[in-house]
Amino acid sequence: MPARDEIREKAYVYLDEVSMDVDSINVAAFPLNELLDEAGAWVVRTCPIHCLGSGVEMPIAAFVAAEDGSGKLPLPHDFIRLLAFKMEGWNHKVTQPIRDTDEKYKQQFNRVLRGNDSKPVVVLCDGDKALEYYSSSRGTDATIETARYFPYTVVNNNYPLSLYDVTAWKLAELVLAASTDVNGMQICQNKIQELYAAL
């Protein structure tokens, strides 16, 4: 069974489990395909990173390294989550980037406080359209050692099997949110947390 169909089927079962008034919910009236893709995106952004596997290599042809040790890399259109980024010479890879709206981002413009080879910082910027790094001691000679991400546009057959259940629960929660079933939503949220704890 295709991933989309299997997750939708599970969501119907979960809706039946948690909603006292499931018969009054006109599931057919909800844009389930759009809600499914929204649920999938939420799960991919929030799940434990190991659930996403090794992902795919990021295209690096447009990478630009600056003299001050920083650099910028445009992100592919299907980028949703960074899995690993490491410059040559860094002591470790970065799996948890910050955003250009975070307070820590301002520190990257201070040569004393900014990231470095032993404490690198990676930033998602320009509305998740680019990645900046701080910083490499190699300046304009810096090279990327590892750049991997999880691609996502819609739930398809490449979607991780281990995330089907949690995605179905999130889909059920979105349906219940649209029908303002607060108790059902809370049950779904609790179930999502239980599943995340077991992953």
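Residues numbered from 1 in each chain as written. Predicted model: local features only at pLDDT ≥ 70, side-chain atom pairs only at ≥ 80, totals over all residues. Heavy atoms only, no water.

**Q** Describe the side chain of Asp117, naming the residues involved and giving the relevant values.
**A** The residue Asp117 is located in the loop between helix H3 (103-107) and strand E6 (121-125) in this model. For the buried Asp117, which has no salt bridge, the nearest side chain bearing the opposite charge is Arg138, at an N-O separation of 6.1 Å. At a separation of 2.6 Å, a polar atom in the side chain of Asp117 contacts the side chain of Ser137. Ignoring sequence-local partners within four residues, the contact set of Asp117 consists of Gly89, Trp90, Asn91, Ser135, Ser136 and Ser137. (Helix = DSSP H or I, 4+ residues; strand = E, 2+ residues; numbered from the N terminus. Buried < 20%, exposed > 50% of the residue type's maximum accessible area, 1.4 Å probe, protein only. Lys, Arg positive; Asp, Glu negative; His and termini not counted. Salt bridge = Lys/Arg side-chain N within 4 Å of Asp/Glu carboxyl O. Polar contact = N/O pair within 3.5 Å; in protein donor to acceptor, adjacent residues only side chain to side chain. Contact = heavy atoms within 4.5 Å.)

**Q** Could you give an account of the packing of helix H4 (residues 164-178) against helix H5 (residues 182-198), naming the residues involved and the relevant values?
**A** Running from N to C, H4 and H5 cross one another at 165°; their axes reach a closest spacing of 9 Å. Relative to H5, H4 is oriented roughly antiparallel. With respect to the hand of their crossing, H4 and H5 are arranged in left-handed fashion. Contact residues: H4 offers Asp165, Val166, Trp169, Lys170, Ala172, Glu173, Leu176 and Ala177, while H5 offers Gly184, Met185, Cys188, Gln189, Lys191, Ile192, Leu195 and Tyr196. A class-by-class count of the residues in the contact of H4 with H5 yields 10 nonpolar, two polar and four charged. (Axes fitted to C-alpha atoms, helices over the stretch in contact; angles between N-to-C directions. Parallel < 35°, antiparallel > 145°, perpendicular 65-115°, else oblique. Left-handed = near helix turned anticlockwise from the far one by under 90°. Nonpolar A, V, L, I, M, F, W, Y, C, P; charged D, E, K, R; others polar.)

**Q** Which residues make up the packing of aromatic side chains, and what values do they have?
**A** Describing an aromatic ring pair means giving the distance of the ring centres and the angle of the ring planes. If you walk through the whole model with that rule in mind, you get 12 aromatic pairs. Their ring planes at 85° and their centres at 5.2 Å tell us that Tyr105 and Phe109 sit as a pair that is edge-to-face. The exposure class of Tyr105 is buried, given its relative accessible area of 13%. Each member of the aromatic cluster is reached from another via a ring pair, and the members are Phe63, Phe85, Trp90 and Tyr133. (Phe/Tyr/Trp six-rings, centres within 6.5 Å; stacked < 30°, edge-to-face > 60°.)

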